[in-house]
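# Structural description and commentary
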Amino acid sequence: MHFSKLFIPTLKESPADAEVISHKLMVRAGMIRQVASGIYSILPLGLRVLRKVEQIIREEMNQIDGQEVFLPSIQPAELWIESKRWDFYGKELLRIKDRHGREFCYGPTHEEVITDIVRKEVKSYRQLPILLYQIQTKFRDEVRPRFGIMRGREFMMKDAYSFHTDEEDTQRTYNQMAQAYTNIFNRCGLNFKQVQADSGTIGGSFSHEFAVLADSGEDDIGFCESCGYASNLELAESKPPAPSTPPATRQEIKEVETPGQKSVEDVAGFLNLSARQIVKTILLENEHGLVAGLVRGDHEINPVKLKNLIGCEWLQPAGEEVISRHPELHCGYVGPVGLDLPVYADCEISAMYDFVTGANKTSTHFTGVQVERDLKIKQFSDIRTVKADDPCPRCERGVYQVKRGIEVGHIFILGTKYSSAMKAVYLDQQGKENAMIMGCYGIGVGRTAAAAIEQNHDDKGIVWPRNLAPFQVIIIPVNYSNEDLKTVCDTIYDQLQETGIETLLDDRSDRLGGKLKDADLLGIPLQIIVGPKNLSAGQVEIKIRKTNESDLHPYPEVIADIPSILKGL
RNA sequence: CGGGAUGUAGCGCAGCCUGGUUAGCGCACUUGACUGGGGGUCAAGGGGUCGGAGGUUCAAAUCCUCUCAUCCCGACCA
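Residues numbered from 1 in each chain as written. Chains lettered and ligands numbered in written order. Predicted model: local features only at pLDDT ≥ 70, side-chain atom pairs only at ≥ 80, totals over all residues. Heavy atoms only, no water.

## Points about the nonpolar core
What counts is decided by this rule: What is meant by a nonpolar core is a set of buried Ala, Val, Leu, Ile, Met, Phe, Trp, Tyr and Cys residues, joined one to another through side-chain atoms within 4.5 Å. Three exposure classes are used, based on accessible area relative to the maximum for each residue type with a 1.4 Å probe and protein chains only: buried under 20%, partly exposed in between, and exposed over 50%. Residues are treated as being in contact if the distance between any of their heavy atoms lies within 4.5 Å.
Judged by nonpolar contacts, the single largest core of 62 residues is most densely connected at Met31, Met61, Met177, Tyr181, Ile184, Phe185 and Trp464. When near neighbours in sequence (up to four residues on either side) are disregarded, Ile184 contacts Ile56, Ile57, Glu60, Met61 and Ile443. Residues Cys105, Ile130, Met422 and Met438 belong to the second largest nonpolar core, which totals 26 residues.

## What to know about the sheet that holds strand 5 (residues 94-97)
What counts here: When DSSP finds at least two bridges between two strands, those strands are taken to pair. For the purposes of this entry, the term helix denotes a DSSP run of H or I that reaches at least four residues, the term strand denotes a run of E that reaches at least two, and both are numbered from the N terminus. Between the N-to-C directions of two axes lies an angle of 0 to 180 degrees, each axis being a line fitted to C-alpha atoms and, for a helix, fitted only over the stretch in contact.
Strand order across the open sheet formed by three strands is 4-6-5, with antiparallel pairing between neighbours. Each edge of the open sheet carries a strand with a single partner, namely strand 4 (74-76) and strand 5. Neighbouring strand axes in the sheet, compared pairwise and without regard to direction, differ in orientation by 40° on average. When strand 4 meets strand 6 (residues 103-106), the two strands line up antiparallel, connected through three bridges. Looking across to strand 6, one finds that Gln75 is bridged to Cys105.

## What about the sheet that holds strand 18 (residues 343-346)?
Spatial ordering of the open sheet is given by 17-14-15-18-21, a layout of five strands whose pairing is mixed. What marks the edges here is a single partner per strand, and that holds for strand 17 (315-317) and strand 21 (379-381). Along the sheet, successive strands turn relative to each other by an average axial angle of 30°, direction set aside. As judged from the three bridges shared by strand 14 (residues 279-286) and strand 17, these two strands associate in the antiparallel manner. The residue bridging Leu284 from the neighbouring strand is Pro317, located in strand 17.

## Digging into the packing of helix 2 (residues 44-63) against helix 6 (residues 167-187)
The line we're drawing: An angle counts as roughly parallel when it lies under 35 degrees, as roughly antiparallel when it exceeds 145, as roughly perpendicular when it falls between 65 and 115, and as oblique in every other case. Whether a crossing is left-handed or right-handed is set by the direction in which the near helix is turned from the far one by less than a right angle, anticlockwise for left-handed and clockwise for right-handed. Charged means Asp, Glu, Lys or Arg here, nonpolar means Ala, Val, Leu, Ile, Met, Phe, Trp, Tyr, Cys or Pro, and polar covers whatever is left, Gly included.
Interaxial distance between helix 2 and helix 6 falls to 9 Å at its minimum, and their mutual angle equals 150°. On the basis of their axis angle, the class for helix 2 and helix 6 is roughly antiparallel. As for the relative orientation of helix 2 and helix 6, their crossing is right-handed in sense. Side by side, helix 2 and helix 6 meet where Ile56, Ile57, Glu59, Glu60 and Met61 of the first sit next to Met177, Ala180, Tyr181, Asn183, Ile184 and Arg187 of the second. In terms of residue class, the contact of helix 2 with helix 6 is built from seven nonpolar, one polar and three charged.

## Focus on the packing of aromatic side chains
Aromatic ring pairs are reported here in terms of the distance separating the ring centres and the angle at which the planes meet. For clarity, the threshold we go by: Any pair of Phe, Tyr and Trp rings, taking the six-membered ring for Trp, is counted once the centres come within 6.5 Å. Such a pair is stacked with planes under 30 degrees apart, edge-to-face with planes over 60 apart, and tilted for the rest. A ring is scored as having a charge over it whenever the NZ atom of a lysine or the CZ atom of an arginine sits within 6 Å of its centre and within 35 degrees of its normal.
Counted according to the given criterion, the structure contains nine aromatic pairs. Look at Tyr181 and Phe210: their rings are 5.3 Å apart centre to centre, the planes differ by 55°, and that puts the pair in the tilted class. With Tyr181 in helix 6 and Phe210 in strand 10 (residues 206-213), this residue pair connects regions lying 29 residues apart in the sequence. The class for Tyr181 is buried, based on a relative accessible area of 0%. Judged by relative accessible area, Phe210 falls into the buried class, the value being 0%. Among the aromatic residues, those joined into a cluster by ring pairs are Tyr181, Phe185, Phe192 and Phe210. Above the face of the Phe223 ring, Lys193 is positioned so that its terminal group lies 4.5 Å from the ring centre. The ring of Phe3 is capped by Arg508, whose NZ or CZ atom sits 3.7 Å from the centre of that ring.

## Description of the side chain of Asp374
This is how it is decided: We call two N or O atoms a polar contact when they sit within 3.5 Å, provided that within protein one can donate a hydrogen and the other can accept it, with sequence-adjacent residues counted only if both atoms are side-chain atoms.
You can see Asp374 is positioned in helix 10 (residues 371-374). At a separation of 2.8 Å, a polar atom in the side chain of Asp374 contacts the main-chain amide nitrogen of Gln370. A polar atom in the side chain of Asp374 sits 2.9 Å from the side chain of Arg373. Ignoring any residue separated from it by four or fewer positions in sequence, one finds Asp374 in contact with Ile253, Val337, Gly368 and Val369.

## Details of the pairing of strand 11 (residues 219-224)
Looking down a regular strand, the side chains alternate between one sheet face and the other. Taken across its six residues, strand 11 has five buried, putting it largely inside the fold. Bridge count between strand 11 and strand 23 (residues 400-415): six bridges; the pairing is antiparallel. By the bridge assignment for strand 23, Phe223 is matched with Gln401. Relative to strand 12 (residues 230-232), strand 11 is paired through three bridges, and the arrangement is antiparallel. Directly across from Ile221, in strand 12, lies its bridge partner Asn232. Where strand 11 hands over to strand 12, the hairpin turn is made up of five residues, of which Gly228 adopts a positive phi near 90°.

Set out below in structure tokens:
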């Protein structure tokens, strides 16, 4: 392609409303433009990159017998009512009416549509398993879109769905999918981790995320480098407490005055104790009312773990307004002793003796509290959030590291949640009807491209991983109106094109400086700079974007080496 | 949905506090000349209902009220 013919509106300055580096660079490199909050136009250069990601995904999906389909983005309400998600999905579901007043939504995901197709067309165990996927736009009316196409409302996604007769077969496909995802993100040149994840509102029993490690990520990833265990922090297991021997004499429970001492730090300082000797009581609210969670003073409660433990629909920290409706609860002095609420305690509490809790009385705490004597615990479980340097639960010596991650892929075993609700059944060998077992698997296409930029850039611009680069090579003449240079550049261009290397020829009349700045900004892996001085010495300059290394090479001999130079990048 | 901020030319910004010529600057754009190895120089141009509506005033980009949009933090999120 000739640069002058391509629509690549590059900018010298970053847009004022861009915060993260990938957003800034994608706008500056002329890849995307914003249309409305969370809604973007993809320009030619951006689309070339997205197509690269898509192609890699297609190849890996086809490799494991996935078949590509294309489902509608506008979906009838009936299907969503049938799966019970019309009410459950909430405001994120963009609802629309057609001219007849019939209700539709813009698909945020496609379990309903795909299950509808499969239930109509698949009747026998002989037709299973089946794996279908598509790549198309989704719309989720996010509360707060941000970071360019990293978290847009409309976005490109690959979603795949599999249907099976039994758990084992589902697990097999799930594992193949995990391997395919690993291949995909490796080919995209990303540094990522496959981590345990919560299945959230999509439901299901088993799930992993693929997280690209980057500071701008929105998730916290906990992982252990000794054994490789990795998990989203909202699910990361903590190591059970080592059995401890109780002190010879146990303290008696005692009320102490703690006026104005509400936080753990306050109380610890006031009583001259460590936070580890205090038990925090956190009040949370779910559809059944209030519950209490106990964690050690230096720990944080993990609502996701607690929600999964209780098995409730939702769970959130109780607001002041809710607490104020309970006169027996005093903010800052709530404690588990004699508390008339279901009390869940973190495992670590079971190894504590002589600790401090709130006394359910203003300006008062208890000291010398003992679990078995003073507390009524509904259940002990792992309900705290792990921190960096916590011991790894899966190996002897390892400790947690915590880093930010961008969720680029997520795979789930759904079980029969949708197939039961929507009666997607098949006849088994005995002629008996069974619900199909499902899995679903997603990749954010645009987010993957953005994540690649987050991991591969410098102060000059993008540094594309080779497989995602919109072009492999850019030819930059010092002056394209010079006939000799033009001839050489055209020759190199034709030669590379014939070899199948995607090449961009910067035929613009701009001065060299501007063209070099743009080439760096666009992040094309290899630059060939053709100037009169070097050329008269029979040489051209070749610059590697990633390393900034620039060397003179004999022309025309070097052109034949370009493919091998590229392979080495 | 709570908290914070910003809307002035395609992009980045100043002017606003303390109202008063024709609303400025840099980049980009158009024309011409010179130039040609890291965003060049000179000259001449085009482009604005100062986000919108209402109000105060002799006079509003500037003060007041409402509203819309966008961004950030939090909550939320396959």
